[in-house]
Amino acid sequence: MVQAYILIQTDVGKATAVARTISEIPGVLTAEDVTGPYDVIVKAEAATVDELGRMVVAKVQKVDGITRTLTCPVVHL
């Protein structure tokens, strides 16, 4: 399995709704509201990097209220 953290910026006042919606997407392990330069941090997993990319582009980025995402794949050194 490939895991990644997805850092999300949202429209003002939309973080809670975005986190709630994203938490229902298959493959999303957690979706938390946070403070700082990002509004929501998501931990997700998929079978392959390509599948993870498809999840981010086809499902996560289409959630209403998201302005920007940054996907950070987990590496095991």
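Summarised in this report is the structure supplied together with it. Not measured: the values here are computed from a predicted model.

1. Comments concerning the overall build of the chain
For step 1, the next point in the chain: Of regular secondary structure, the chain possesses 2 helices and 4 strands.
For step 2, the next point in the chain: Reading the chain from its N terminus to its C terminus gives the helix and strand order β-α-β-β-α-β.
For step 3, the next point in the chain: Relative to a compact globule of 77 residues, whose C-alpha radius of gyration would be 11 Å, the chain shows 12 Å and is just as compact.
For step 4, the next point in the chain: Judged by the C-alpha coordinates and their principal axes, the chain covers about 35 × 25 × 15 Å.

2. Notes on the sheet that holds strand β2 (residues 28-33)
For step 1, the next point in the chain: Reading across the sheet, the 4 strands line up as β2-β3-β1-β4 and stay open at both edges, with antiparallel pairing between neighbours. Unpaired on one side and paired on the other, β2 and β4 (66-73) mark the two borders of the sheet. Ignoring which end each strand starts from, the neighbouring axes of this sheet average 20° apart.
For step 2, the next point in the chain: Summarising the sheet, β2 and strand β3 (residues 40-46) pair through 5 bridges and their orientation is antiparallel. Paired with valine 28 across the strands is alanine 44, a residue of β3.
For step 3, the next point in the chain: Those strands touched by helix α1 (residues 15-22) are β1 (2-10), β2, β3 and β4, and its axis lies near 170° from that of β2.

3. Overview of α1
For step 1, the next point in the chain: When α1 is considered as a whole, its buried residues turn out to be Ala15, Val18, Ala19 and Ile22. Across the axial projection of α1, the buried residues extend over an arc of 95°, all falling on one side.
For step 2, the next point in the chain: Looking at the buried positions of α1, the neighbouring elements they touch are β1, β2, β3, α2 (49-60) and β4.

4. Some remarks on the nonpolar core
For step 1, the next point in the chain: Ranked by size, the top nonpolar core spans 21 residues in total, and within it Ile8, Ile22, Val42, Met55 and Val60 carry the most contacts.
For step 2, the next point in the chain: Counting residues per element, the ones that place at least two in this core are β1, α1, β2, β3 and α2.
For step 3, the next point in the chain: When residues no more than four places from it in sequence are discounted, the contact partners of methionine 55 are Ile25, Pro26, Gly27, Val28, Ala44, Glu45, Ala46 and Val60.

5. A few points about the environment of valine 56
For step 1, the next point in the chain: Inspection of the secondary structure puts valine 56 in helix α2.
For step 2, the next point in the chain: You can call valine 56 buried: its relative accessible area is 5%.
For step 3, the next point in the chain: For valine 56 and threonine 69, which are 13 residues apart along the polypeptide, the C-alpha to C-alpha distance reads 8.7 Å.
For step 4, the next point in the chain: The contact partners of valine 56, leaving out residues within four places of it in the chain, are Ile6, Gln61, Thr69 and Thr71.

6. Some words on the side chain of threonine 69
For step 1, the next point in the chain: When you line up the elements, threonine 69 lands in strand β4.
For step 2, the next point in the chain: Apart from residues lying up to four places away in sequence, threonine 69 is in contact with Ile6, Leu7, Ile8, Val56 and Gln61.

Conventions we followed
Residues numbered from 1 in each chain as written. Predicted model: local features only at pLDDT ≥ 70, side-chain atom pairs only at ≥ 80, totals over all residues. Heavy atoms only, no water. Helix = DSSP H or I, 4+ residues; strand = E, 2+ residues; numbered from the N terminus. Rg over C-alpha atoms; globule rule 2.2 N^0.38 Å. Pairing = 2+ DSSP bridges. Axes fitted to C-alpha atoms, helices over the stretch in contact; angles between N-to-C directions. Contact = heavy atoms within 4.5 Å. Buried < 20%, exposed > 50% of the residue type's maximum accessible area, 1.4 Å probe, protein only. Arc of directions from axis to C-beta. Core = buried A, V, L, I, M, F, W, Y, C linked by side-chain atoms within 4.5 Å.

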